[in-house]
Each structure stands twice: as structure tokens, then as C-alpha cells.
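# Tertiary structure, described
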Amino acid sequence: MSYKILYITLRRLIGERDVTGLRSQLLQHGPALFARALALGSARVIADALSLLPFSERISVLRHLPSPLREAMKPLCIGGSQRIRLLPWTLAVQHGPHAQHA
């Protein structure tokens with residue numbers, strides 16, 4: 001499947017809020033092609049798609065987005081937990097589950 005056809009499929013699934021369908025497309029095509037297809041859309045389309053994916057899958061797609069889009073989408077990947085933060089290419093878990101934050 002070409003990334004342009006995949007984009008059309010993803011737009012439909014995003015509009016339907018079909019999380020299972022989006023995850024299926026991600027697993028079937030891999031994060032690189034999934035990200036390439038998403039990059040055809042607006043920042044809003046990309047944000048909607050990422051917001052529907054579980055955190056770990058968001059990160060895997062984010063890594064494959066073009067740099068300007070990746071930077072714009074980072075807030076979607078760092079707000080979920082105070083203990084987890086996104087670094088350029090890895091996830092770092094701060095000092096464990098009992099770490100105190102100011």
C-alpha cells in the first residue's frame with residue numbers, strides 16, 4: 001500500500017475514532033510508513049491520530065515524523081506522567097516509582 005492510500009485510510013479511521021483500526025494499520029505497515037502517511041495531513045490530523053494511540057505507540061510514530069512535526073507533537077508524548085519524559089530518541093524513566101517531584 002502506498003503511503004498516500006494509507007493516509008486516506010488513516011483519515012477515515014481518525015474521523016471514526018477507530019483506535020483498533022489505527023493500531024492495526026500501525027502494526028501492519030510499521031511506524032515509518034504510518035508516520036510518512038500521517039505527515040501528509042495537518043498538525044491537527046497528526047495530533048488526533050497520536051492522541052488515539054497508546055503512549056508507547058505514539059512514541060514509535062513520533063520518532064519517524066519529519067523533524068518540524070516531531071517537535072510540534074512532542075507535548076502529546078510528555079504530558080502523561082510526571083515520571084516519564086521524552087528525550088530525542090529514547091524514553092528515560094526518572095529515578096523510579098517513588099521519586100518526588102517539586
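So, here's what we can say about the structure. (Residues numbered from 1 in each chain as written. Predicted model: local features only at pLDDT ≥ 70, side-chain atom pairs only at ≥ 80, totals over all residues. Heavy atoms only, no water.)

Glancing now at the packing of aromatic side chains. In this description, an aromatic ring pair is defined by two values, namely the gap between the centres and the angle between the planes. Tallying each qualifying case throughout the model produces zero aromatic pairs. Over the face of the ring belonging to Tyr 3 we find Arg 36, whose NZ or CZ atom lies 3.8 Å from the ring centre. (Phe/Tyr/Trp six-rings, centres within 6.5 Å; stacked < 30°, edge-to-face > 60°. Lys NZ or Arg CZ within 6 Å of the ring centre and 35° of its normal.)

Further remarks concern the side chain of Thr 9. Among the structural elements, Thr 9 can be located in helix H1 (residues 3-15). Residue Thr 9 is classed as buried on the basis of its relative accessible area of 16%. Residue contacts for Thr 9: discarding those within four places in its chain leaves Met 1 and Gln 25. (Helix = DSSP H or I, 4+ residues; strand = E, 2+ residues; numbered from the N terminus. Buried < 20%, exposed > 50% of the residue type's maximum accessible area, 1.4 Å probe, protein only. Contact = heavy atoms within 4.5 Å.)

Further remarks concern helix H3 (residues 43-52). Among the 10 residues of H3, seven are classified as buried, and the element is accordingly described as predominantly covered. Those residues of H3 that sit buried are Val 45, Ile 46, Ala 47, Asp 48, Ala 49, Leu 50 and Leu 52.

Topologically, Arg 17 is positioned in the loop between H1 and helix H2 (19-38). Through-space distance from the C-alpha of Arg 17 to that of Leu 52 is 7.4 Å; in sequence the pair is 35 residues apart. Beyond its immediate chain neighbours, meaning those up to four positions away, Arg 17 contacts Asp 48, Ser 51 and Leu 52.

Of note in this structure, Arg 17 is not a glycine but carries a positive phi near 55°. On the basis of relative accessibility, which here comes to 47%, the residue Arg 17 falls in the partly exposed class.

Core analysis: the biggest nonpolar cluster contains 23 residues, and Leu 22, Phe 34, Leu 38, Val 61 and Leu 65 have the highest contact counts within it. Every element with two or more residues in this core is listed here: H1, H2, H3, helix H4 (55-62) and helix H5 (67-73). The contact partners of Leu 65, leaving out residues within four places of it in the chain, are Ala 35, Ile 46, Leu 50, Arg 70 and Met 73. (Core = buried A, V, L, I, M, F, W, Y, C linked by side-chain atoms within 4.5 Å.)

This part takes up the environment of Ala 49. Locating Ala 49 in the fold gives a position in helix H3. Sequence spacing of Ala 49 and Val 19 is 30 residues, and the spatial spacing of their C-alpha atoms is 8.8 Å. In this structure, Ala 49 is in contact with Ile 14, Leu 22 and Leu 38, ignoring residues within four places of it in sequence.

This next bit is on the environment of Pro 54. With respect to the element layout, Pro 54 can be found in the loop between H3 and H4. It is 8.8 Å that separates the C-alpha atoms of Pro 54 and Arg 23, two residues lying 31 residues apart in sequence.

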